[in-house]
Amino acid sequence: MPASVAAILADYTGRTPLRLRAIDAYMVFCAGVAVVQLAYCAVVGTFPYNAFLAGFGSAAACFVFAAALRMRTDPRNAQQFGGRGEGAFAEFVVCHVALHFVVANFLG
Amino acid sequence: MGLSAVDQTSLLRTAILGLISIVAIGSRLYSVIRFESIIHEFDPWFNYRTTKFLVNHGFDRFWNWFDTAAWYPLGRVVGGTLYPGIMVTSAAIYNALHALNIPVDIRNVCVFLAPAFSALTAVATYLLGKEVKNATAGLFAAAFMGVAPGYISRSVAGSYDNEGIAIFLLVFTFYLWLRAVRRGSALDAALAAGFYFYMVSAWGGYVFIINLVPLHVLALVLMGRFSNRIYVAYSTFYALGTLASMQIPFVGFQPTFTSEHMAALGVFGLVQVVAFAQHVRTQLPAQQFAVVLRVAVAGLFVVGAGVLALLTARGVIAPWTGRFYSLWDTGYAKVHIPIIASVSEHQPTAWPNFFFDLNMLVWLFPAGIYLSFRELTDNHVFLILYALFAAYFAGVMVRLILTLTPIVCVLAGVAIAGVFETYLNNRTMSASSRVSAYVPRIAVLANFMFFLCMFQWHCSWITSSAYSSPSVVLASRGADGSQHIIDDFREAYSWLRHNTDKGARVLSWWDYGYQLAGMADRPTLVDNNTWNNTHIATVGRIMASDEDTAYELARQHDVDYVLVIFGAMLGYSGDDINKFLWMIRIAQGVYPDAVNEQAFFNDEGQYAIGDSASETMRNSLLHKLCYYRFGEVMGPQAFDRVRKQRLPSRVTLDNFEEAYTTDNWMVRIYRVKPLDNLGRTHHAAAAF
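Let me begin by describing the structure that accompanies this report. These figures come from a predicted structure and were not determined experimentally.

1. Some details on the overall build of chain B
In terms of regular secondary structure, chain B is built from 32 helices and 10 strands. Against the globule reference of 26 Å for 688 residues, chain B gives a C-alpha radius of gyration of 29 Å, in line with a compact fold. For chain B, the residues scored as buried account for 53% of the 688 residues in total. The long-range fraction of contacts in chain B, counting pairs at least 24 apart against all pairs at least 6 apart in sequence, stands at 71%. When the accessible surface of chain B is summed, it comes to about 29,500 Å², and 60% of that surface belongs to carbon and sulfur atoms. The positive charge centre, built from 48 side chains, and the negative charge centre, built from 47, are 11 Å apart in chain B.

In structure tokens:
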């Protein structure tokens with residue numbers, strides 16, 4: 001088991017381009033923010049619930065959008081998606097703008 | 001120098017869609033042409049009243065509106081208990097038209113909104129058909145959708161109800177979802193989430209979308225078709241869509257704790273895990289990883305379902321409620337929630353209804369499903385799932401034929417497009433073929449053209465005869481064939497509006513609450529929202545009690561007028577005496593000591609209203625209010641045309657005073673007498 005984990009990590013750092021590793025780091029950060037909010041909620045309670053949902057939801061959504069961007073721009077996935085990587089980034093931005101408005105309304 | 005072939009095709013398609021739109025709008029205008037531009041039925045009157053409020057007072061006051069005139073004395077938080085989509089849409093169109101200095105009345109905007117959106121629905125169905133097969137199937141699907149009676153029933157001019165725009169949003173959201181899955185585009189998924197939000201704001205049936213889309217994803221995962229495109233599409237859709245849907249106050253936080261939304265959340269988690277596993281798979285040898293993946297997915301699914309079941313059992317997650325639960329357990333509502341069971345559109349569907357509403361599409365539909373199985377792309381899996389579940393729900397509840405209609409139209413379009421494409425394909429014919437070689441083609445094509453013409457004729461006839469009645473205004477034919485308009489409802493509401501105090505409270509059965517509020521503009525005790533069963537049971541108890549108890553209860557609730565619908569003179573069978581049993585059942589559910597259903601049947605067990613009626617029936621307030629003085633107008637051979645029984649010979653009424661009875665005795669309004677000046681009971685005062 002540890003051998004395959006080490007193998008995975010070595011393969012990861014060796015073969016993955018810097019751009020994708022940056023997105024991965026951002027995804028880990030988003031997940032971390034979501035976990036921190038969840039832990040805080042478990043300790044302190046859910047009031048105000050809409051604020052918690054807005055914060056947690058936005059962290060989860062950022063994670064998801066970054067994952068989508070990573071999938072679209074990974075050169076190994078090129079045949080699954082039509083179009084170039086720039087389109088993926090434009091979609092990423094549009095999704096975030098929509099998310100911004102929703103979360104801003106939800107925070108209360 | 002004509003147009004190129006591509007341009008010609010696209011011009012032809014646009015022209016065809018334009019004609020379909022015209023037919024769709026035109027076939028919905030029967031009632032406006034026959035009667036007038038009026039809001040129909042019951043629920044649309046509430047939507048109309050709130051739209052007027054929104055237009056007159058602005059969005060902020062609308063959003064925070066607390067209506068003291070409904071559910072007296074409880075009031076109703078209107079802003080938080082409605083789906084604002086249709087009101088906001090109408091108000092936006094109204095304001096846009098007024099900004100262009102076109103002074104359209106808000107009533108006309110409301111009346112014609114549903115036909116306008118039906119044209120958009122036909123276009124959306126075209127897009128959906130084009131997405132799953134090709135433009136031919138799309139055009140056929142659009143043509144079917146434009147006239148299918150299953151959809152027309154809720155979208156005629158004047159039927160200002162949520163379904164009018166919701167079906168358009170349903171079809172368009174599904175189109176965007178399928179496009180997002182096919183292209184793996186986060187933008188399409190974000191658009192789908194945006195229209196899903198619009199759908200959530202418009203209709204409670206959005207639950208169908210948020211369960212069908214995850215089911216589609218789950219089916220694809222289980223079929224081994226999971227791909228990165230599905231991850232991108234579903235995750236974006238769910239993340240944006242759920243957050244957006246919680247912005248509607250009526251939905252609130254339900255997506256986080258009710259069973260109706262748990263499937264979406266579960267599949268969201270599953271999709272994250274599967275995507276991660278797929279990614280890791282590329283790092284490991286194939287075989288051992290495939291096994292690990294399947295075991296892990298299955299195990300996680302079982303664990304997740306187990307946790308969900310545990311949380312539901314512990315009460316943390318709310319179970320399927322009310323209307324949605326009765327879709328699974330169809331016998332539940334009749335026993336436990338009589339209000340849901342009493343609504344006629346919640347009854348199970350009879351076989352003729354399917355043919356009535358869908359005509360020949362009923363047999364093209366299975367052909368379309370079969371063709372979908374043969375091609376079985378990701379989109380076709382969705383169509384099959386949608387067809388299955390929509391068919392089940394349509395069989396359980398009559399009103400859900402509405403959600404079945406789009407998929408039937410799409411699949412029928414696919415099937416019939418296949419037929420026409422095969423038999424119109426000239427490339428298989430050589431140039432020197434004899435005329436007889438064309439005979440099979442001509443025979444088949446002529447046959448199907450005949451079917452299509454009959455379909456159109458059927459739909460127009462059904463629309464004209466069955467679905468274009470305003471319900472507020474009735475029409476009948478006299479003996480010489482002349483039309484006789486029965487306008488009693490508006491007559492009564494108009495009388496109330498002009499002859500009573502501004503704040504006079506009117507008690508009636510909940511069916512008429514919205515119409516009373518909309519046309520008579522008076523406070524009501526219960527209305528079609530039916531959110532408070534106890535209050536409705538109290539009104540039922542008042543109607544079912546004897547005169548003195550009813551008088552006391554009515555005075556306790558500050559009732560000024562009582563309104564009953566009475567169809568015995570005309571033979572109108574939807575009147576209050578026919579609904580009386582439901583009033584009794586609902587009242588009995590809350591006041592079992594005060595109201596007993598069996599007491600209203602006579603000794604032979606019949607539902608009699610004449611002299612052979614049981615004493616409880618003869619003493620009940622509703623019986624008295626309906627039959628008071630009716631014998632005078634009918635003469636010695638007095639006869640109740642609906643129940644087909646002789647009238648009671650003597651009806652006395654002391655605590656209530658007849659205020660108004662309409663022309664055809666359909667609506668009767670009584671005033672609750674104030675307390676006697678000399679402190680006597682009203683019976684004593686009458687005997688004096």
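2. Digging into the pattern of salt bridges
Residue and element names in this part refer to chain B. Tallying each qualifying case throughout the model produces 26 salt bridges over all chains. Across the pair Asp67 and Arg49 runs a salt bridge whose closest N-O atoms are separated by 3.0 Å. In this pair, Asp67 is assigned in strand S1 (residues 66-67) and Arg49 in helix H3 (residues 43-57), connecting sequence segments 18 residues apart. The exposure class of Asp67 is buried, given its relative accessible area of 4%. The class of Arg49 is buried, set by a relative accessible area of 16%. Where Arg643 meets Asp640, a salt bridge forms, and the shortest distance between an N and an O atom there is 3.0 Å. Of the two residues, Arg643 and Asp640, neither departs from the other in class, the shared state being buried. Shared partners join several salt bridges into a network, and the residues in it are Arg154, Asp161, Glu163 and Arg399.

3. Let's talk about the sheet that holds strand S6 (residues 561-565) of chain B
The 4 strands are arranged S5-S6-S10-S9 (chain B) in an open sheet whose pairing can be described as mixed. The sheet is open, and its two borders are formed by strand S5 (506-507) and strand S9 (656-661) of chain B, each paired with just one other strand.

4. Observations concerning the environment of B:Ala613
All names here are of chain B. By the element assignment, Ala613 lies in the loop between helix H28 (576-590) and helix H29 (615-619). Separated by 37 residues in sequence, Ala613 and Asp576 have C-alpha atoms that sit 17 Å apart. Discounting chain neighbours no more than four positions away, the residues touching Ala613 are Asn602, Ala608 and Arg618.

5. Some remarks on the packing of helix H9 (residues 162-183) of chain B against helix H11 (residues 206-222) of chain B
Packed helices, taken two at a time, are described by the angle their axes make and the gap between the axes. Residue and element names in this part refer to chain B. Contact geometry of H9 with H11 gives a least axis separation of 11 Å together with a crossing angle of 25°. In terms of orientation, H9 lies roughly parallel with respect to H11. H11 is crossed by H9, and the crossing has right-handed handedness. Between H9, through Leu170, Thr173, Phe174, Trp177 and Leu178, and H11, the contact on the second element is made entirely by Phe208, Ile209, Leu212, Val213, His216 and Val217. For the contact of H9 with H11, the per-class residue count stands at 9 nonpolar, 2 polar and no charged.

6. Considerations on the side chain of B:His557
Among the secondary structure elements, B:His557 is positioned in the loop between helix H27 (547-556) and S6. Apart from residues no more than four positions distant in its own chain, B:His557 is found in contact with B:Tyr72, B:Leu525, B:His535 and B:Thr538.

7. Some details on the interface of chain A and chain B
Frequently, the measure chosen for interface size is the accessible area removed from exposure when the parts meet. Taken together, the contacts link 30 residues of chain A with 28 residues of chain B. Carbon and sulfur atoms supply 71% of the area that chain A and chain B bury against each other, a total of about 2,400 Å² over both sides. Remark: the boundary between chain A and chain B carries 0 salt bridges. Where chain A packs against chain B, one counts 5 residue pairs in polar contact (both at pLDDT 80 or more). Looking at the side of chain A that touches chain B, the elements that each hand over two or more residues are helix H1 (2-15), helix H3 (49-73) and helix H4 (85-107) of chain A. When residues of the side of chain A that touches chain B are assigned to their parent elements, the largest contribution, 14 residues, is made by H3(A). In terms of residue class, the side of chain A that touches chain B is built from 18 nonpolar, 7 polar and 5 charged.

8. Some remarks on the environment of B:Tyr423
Residues and elements named next belong to chain B. Within the secondary structure, Tyr423 is located in helix H22 (residues 401-423). Look at Tyr423 and you get partly exposed, because its relative accessible area is 32%. Along the chain, Tyr423 and Thr89 lie 334 residues apart, while their C-alpha atoms are 44 Å from each other. If we ignore the near neighbours within four places in the chain, the residues touching Tyr423 are Arg441, Val444 and Leu445.

9. Observations concerning the packing of helix H20 (residues 361-375) of chain B against helix H21 (residues 378-396) of chain B
Residues and elements named next belong to chain B. Viewed as axis vectors pointing N to C, H20 and H21 meet at an angle of 145°, and their least axial separation amounts to 9 Å. Of the two possible hands of crossing, H20 and H21 adopt the one that is left-handed. Contacts between H20 and H21 involve Phe365, Ile369, Ser372, Phe373 and Glu375 on the former and, on the latter, His380, Leu383, Ile384 and Ala387. Taken together, the residues that form the contact of H20 with H21 break down as 6 nonpolar, 2 polar and 1 charged.

10. Here we look at helix H10 (residues 186-202) of chain B
All names here are of chain B. Its 17 residues give H10 an end-to-end C-alpha distance of 24 Å, which sits within 8% of 24 Å, the value for a rise of 1.5 Å per residue. Of the residues making up H10, those classed as buried are Ala186, Asp188, Ala189, Ala190, Ala192, Ala193, Tyr196, Met199, Val200, Ser201 and Ala202. Measuring from the backbone nitrogen of Leu187 back to the side-chain oxygen at the start of H10 gives 3.2 Å, which picks out Ser185 as the cap.

11. Here's the deal with the side chain of B:Thr538
Residues and elements named next belong to chain B. Topologically, Thr538 is positioned in helix H26 (residues 533-544). Polar side-chain contacts of Thr538 include one of 2.8 Å to the backbone oxygen of Thr534. Among residues more than four places away in sequence, those in contact with Thr538 are His557 and Tyr591.

12. With respect to the packing of aromatic side chains
Residue and element names in this part refer to chain B. Enumeration according to the criterion identifies 51 aromatic pairs over all chains in this entry. Ring plane angle 65° and centroid distance 6.3 Å describe the contact between Tyr196 and Tyr206, whose orientation is recorded as edge-to-face. Here Tyr196 is found in helix H10, whereas its partner Tyr206 is found in helix H11, with 10 residues between them in sequence. Centre to centre, the rings of Phe580 and Phe600 are 5.4 Å apart; their planes meet at 80°, and the pair counts as edge-to-face. On the criterion of sequence distance, the pair formed by Phe580 in helix H28 and Phe600 in the loop between H28 and H29 is long-range, its members being 20 residues apart. Grouping residues by exposure puts Phe580 and Phe600 together as buried. Taken together, Phe140, Phe144, Trp363, Phe420, Phe448, Phe450, Phe451 and Phe455 form an aromatic cluster joined through their ring pairs. The ring centre of Tyr72 lies 4.8 Å from the NZ or CZ of Arg505, which sits over that ring.

What counts as what
Residues numbered from 1 in each chain as written. Chains lettered and ligands numbered in written order. Predicted model: local features only at pLDDT ≥ 70, side-chain atom pairs only at ≥ 80, totals over all residues. Heavy atoms only, no water. Helix = DSSP H or I, 4+ residues; strand = E, 2+ residues; numbered from the N terminus. Rg over C-alpha atoms; globule rule 2.2 N^0.38 Å. Buried < 20%, exposed > 50% of the residue type's maximum accessible area, 1.4 Å probe, protein only. Contact = heavy atoms within 4.5 Å. Areas by Shrake-Rupley, 256 points an atom, 1.4 Å probe, with all protein chains shown as cover. Lys, Arg positive; Asp, Glu negative; His and termini not counted. Charge placed at Lys NZ, Arg CZ, Asp CG, Glu CD. Salt bridge = Lys/Arg side-chain N within 4 Å of Asp/Glu carboxyl O. Pairing = 2+ DSSP bridges. Axes fitted to C-alpha atoms, helices over the stretch in contact; angles between N-to-C directions. Parallel < 35°, antiparallel > 145°, perpendicular 65-115°, else oblique. Left-handed = near helix turned anticlockwise from the far one by under 90°. Nonpolar A, V, L, I, M, F, W, Y, C, P; charged D, E, K, R; others polar. Buried area = accessible area lost by both parts, 1.4 Å probe. Polar contact = N/O pair within 3.5 Å; in protein donor to acceptor, adjacent residues only side chain to side chain. Expected span 1.5 Å × (residues − 1). Phe/Tyr/Trp six-rings, centres within 6.5 Å; stacked < 30°, edge-to-face > 60°. Lys NZ or Arg CZ within 6 Å of the ring centre and 35° of its normal.

Just distances and angles here, no functional claims.
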